[in-house]
Amino acid sequence: MSPRTLALLLLIPAAACTELPPVEQTVSAEAQAAPYPDLAPTASLTDSLPEGRIAPGDAAALEARGDALRRKAAAAGS
């Protein structure tokens, strides 16, 4: 077993034993007293987005580009 692996195996359990501070000590009194934010239905959030940004032919173009890059990488590697 390499020294790096051994060190990692010893450090992971040590990290699990770390004590985290209570939430009450990390959030200010002002933040704790603040009201909950209003929840919005997701439809009202997505209605303002533009319609699909991916055109029907985009997948084929992307596949072709990927194939060309793979061919170029294979040619450069040989």
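Described in the following lines is the structure provided in the data block.

Helices and strands together make up the secondary structure of the protein, namely five helices and zero strands. Sequence-ordered secondary structure for the protein, helices as α and strands as β, is α-α-α-α-α. A globule of 78 residues ought to have a C-alpha radius of gyration of about 12 Å, yet the protein, at 26 Å, is considerably larger. Evaluated residue by residue, the protein yields a buried proportion of 1% over its 78 residues. Total accessible area on the protein stands at roughly 7700 Å², and carbon and sulfur atoms take up 64% of it. Positive and negative charge centroids in the protein, built from 6 and 9 side chains respectively, lie 25 Å apart.

By secondary structure assignment, the location of Leu 6 is in helix H1 (residues 3–16). Taking the C-alpha atoms as reference points, Leu 6 and Lys 72, 66 residues apart in sequence, are found 40 Å from one another.

Turning our eyes to something else, we now look at the pattern of salt bridges. Scanning the model with the defined rule gives one salt bridge in all. Between Asp 67 and Arg 70 there is a salt bridge; the shortest N-O distance is 3.2 Å. Of this pair, Asp 67 and Arg 70 both sit in helix H5 (residues 58–77), separated by three residues, roughly a single helical turn. Relative accessible area serves as the criterion here: at 52%, Arg 70 is assigned to the exposed category.

On the surface, a nonpolar cluster with roughly 470 Å² of combined accessible area is contributed by Met 1, Leu 6, Leu 9 and Leu 10. By relative accessible area, which is 58% here, Leu 10 ends up exposed.

Parameters and conventions
- Residues numbered from 1 in each chain as written.
- Predicted model: local features only at pLDDT ≥ 70, side-chain atom pairs only at ≥ 80, totals over all residues.
- Heavy atoms only, no water.
- Helix = DSSP H or I, 4+ residues; strand = E, 2+ residues; numbered from the N terminus.
- Rg over C-alpha atoms; globule rule 2.2 N^0.38 Å.
- Buried < 20%, exposed > 50% of the residue type's maximum accessible area, 1.4 Å probe, protein only.
- Areas by Shrake-Rupley, 256 points an atom, 1.4 Å probe, with all protein chains shown as cover.
- Lys, Arg positive; Asp, Glu negative; His and termini not counted.
- Charge placed at Lys NZ, Arg CZ, Asp CG, Glu CD.
- Salt bridge = Lys/Arg side-chain N within 4 Å of Asp/Glu carboxyl O.
- Patch = residues over 30% accessible without salt bridge, like charges linked within 9 Å, V, L, I, M, F, W, Y side chains within 5 Å.

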